[in-house]
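Residue-level structure breakdown
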Amino acid sequence: NNLGQAGIGKKGNVKTPVLLDLAGIVDIQCGGKFCMAMDADGNIWGWGDNESGQLLEASKGGAVTSPTLLSISGRFTKVACGGSTAFGLDAAGVLWAWGKNDYGQMGTDDVRQSSSEPVRVELPEGLEITQIHAYNAHSAVVTAEGQVYQWGRTYSGQLGNGTRPTRSLPTLACPEEAPVVEAATGSSCTYVLL
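This text gives an overview of the structure that appears in the document. Note that this is a predicted model, so its numbers are computed, not measured.

1. Concerning the pattern of salt bridges
Opposite charge on two side chains makes pairing possible when the charged atoms of those side chains draw close. Throughout the structure, instances matching the rule amount to 2 salt bridges. With a shortest N-O distance of 3.9 Å, D102 and K100 are connected by a salt bridge. According to the relative accessible area criterion, D102 is partly exposed, its value standing at 26%. The residue R120 makes a salt bridge to E125 at a minimum N-O spacing of 3.6 Å.

Written as structure tokens, this is what we have:
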């Protein structure tokens, strides 16, 4: 809890569970040192580290120690958190990213250190995204057709296609293995369930 990631209003280790002042939460996502939660009305709350703008305007690059209502509330139907990068899927099925982008984990052709505003992820048109996964510096989505697209720091073979370069744009991963029904990303790996 050195950056407020426990959401209890102060820093310092927390050794027992503490109930947060949030209600009606339907989804919660945790990144490296920050969290976002969405309630049934589409309000999105964030807390923890904001050094790379992953909590948008919640603070000027510092820590947010209590759940704070974010301006993206109502804009996204699904959110996901990576190491210091965040994602939101809007009602039209468009994926957006913000936060740290030093390895292209935002999925844009413009690799930059960070963005505190949502930027559209450059995925092929017509994909229906059903899952968003992010871990540290690489990101992935699963489509309704059972395809997996990944991007970011993938030099440990996370793409599953025998290549290892880092990709700043979403790349079709393990195409011969489709359809995929579930995926999970880890530190330097990706798992898929057929």
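2. Brief notes about the state of the cysteines
Scanning the entire structure with this criterion turns up 0 disulfides. Here C35 stays free of any disulfide, with the sulfur of C30 as its closest cysteine sulfur at 3.3 Å. What makes C35 buried here is its relative accessible area of 8%.

3. With respect to the side chain of T171
Mapped onto the elements of the fold, T171 is located in strand β12 (residues 167-173). For T171, a relative accessible area of 15% puts it in the buried group. In this structure the side chain of T171 is engaged in a polar contact, spanning 3.1 Å, whose partner is the backbone oxygen of L169. Apart from residues lying up to four places away in sequence, T171 is in contact with V148, Y149, Q150 and L159.

4. Details of the sheet that holds β12
Two modes of strand pairing occur in sheets, parallel and antiparallel, and in both the strands are linked by backbone hydrogen bonds. Reading across from one edge, β9-β10-β11-β12 is the order of the 4 strands in this open sheet, with antiparallel pairing throughout. Each end of this open sheet is capped by a strand with a single partner; those strands are β9 (129-135) and β12. Strand after strand, the sheet turns through a mean of 20° between neighbouring axes, direction not considered. Of the strand pairs in this sheet, β9 and strand β10 (residues 138-143) are connected by 6 bridges, and their pairing is antiparallel.

5. Some details on the pairing of β10
Looking along a regular strand, one sees the side chains alternate between the two faces of the sheet. In terms of burial, β10 is a largely internal element, 6 of the 6 residues being buried. Residues of β10 alternate between two faces, with H138, A140 and V142 on one and S139, V141 and T143 on the opposite face, all of them buried. Connecting β9 to the next strand, β10, in antiparallel fashion are 2 residues, including N136 with a positive phi near 45°. As judged from the 5 bridges shared by β10 and strand β11 (residues 148-152), these two strands associate in the antiparallel manner. Residue pairing across strands places V142 opposite V148, the latter belonging to β11.

6. So, the layout of surface pockets
For the largest pocket, the calculated volume is near 190 Å³. Surrounding the largest pocket, 13 residues form its lining, G93, V94, R120, P124 and L127 being those nearest its centre. In terms of residue class, the lining of the largest pocket is made up of 8 nonpolar, 2 polar and 3 charged.

7. A short note on the sheet that holds strand β2 (residues 34-39)
Judged by pairing direction, the sheet is antiparallel, and its 4 strands sit side by side in the order β1-β2-β3-β4 without closing on themselves. Both outer strands of the open sheet, β1 (25-30) and β4 (64-69), are each paired with one neighbouring strand and no more. Recorded for the sheet is a direction-independent mean angle of 15° between the axes of neighbouring strands. Bridging between β1 and β2 involves 5 bridges; their strand directions are antiparallel. Bridge pairing in β2 links I28 to A37.

The rules behind the values
- Residues numbered from 1 in each chain as written.
- Predicted model: local features only at pLDDT ≥ 70, side-chain atom pairs only at ≥ 80, totals over all residues.
- Heavy atoms only, no water.
- Salt bridge = Lys/Arg side-chain N within 4 Å of Asp/Glu carboxyl O.
- Buried < 20%, exposed > 50% of the residue type's maximum accessible area, 1.4 Å probe, protein only.
- Disulfide = S-S within 2.5 Å.
- Helix = DSSP H or I, 4+ residues; strand = E, 2+ residues; numbered from the N terminus.
- Polar contact = N/O pair within 3.5 Å; in protein donor to acceptor, adjacent residues only side chain to side chain.
- Contact = heavy atoms within 4.5 Å.
- Pairing = 2+ DSSP bridges.
- Axes fitted to C-alpha atoms, helices over the stretch in contact; angles between N-to-C directions.
- 1 Å grid on protein atoms, 1.4 Å probe; cavity = no way out; pocket = protein on both sides within 12 Å on 5 of 7 lines; lining within 4 Å.
- Points joined across faces, edges and corners; volume = space filled by probe spheres on them.
- Nonpolar A, V, L, I, M, F, W, Y, C, P; charged D, E, K, R; others polar.

Remember, this is a structural readout, not a statement about activity or role.
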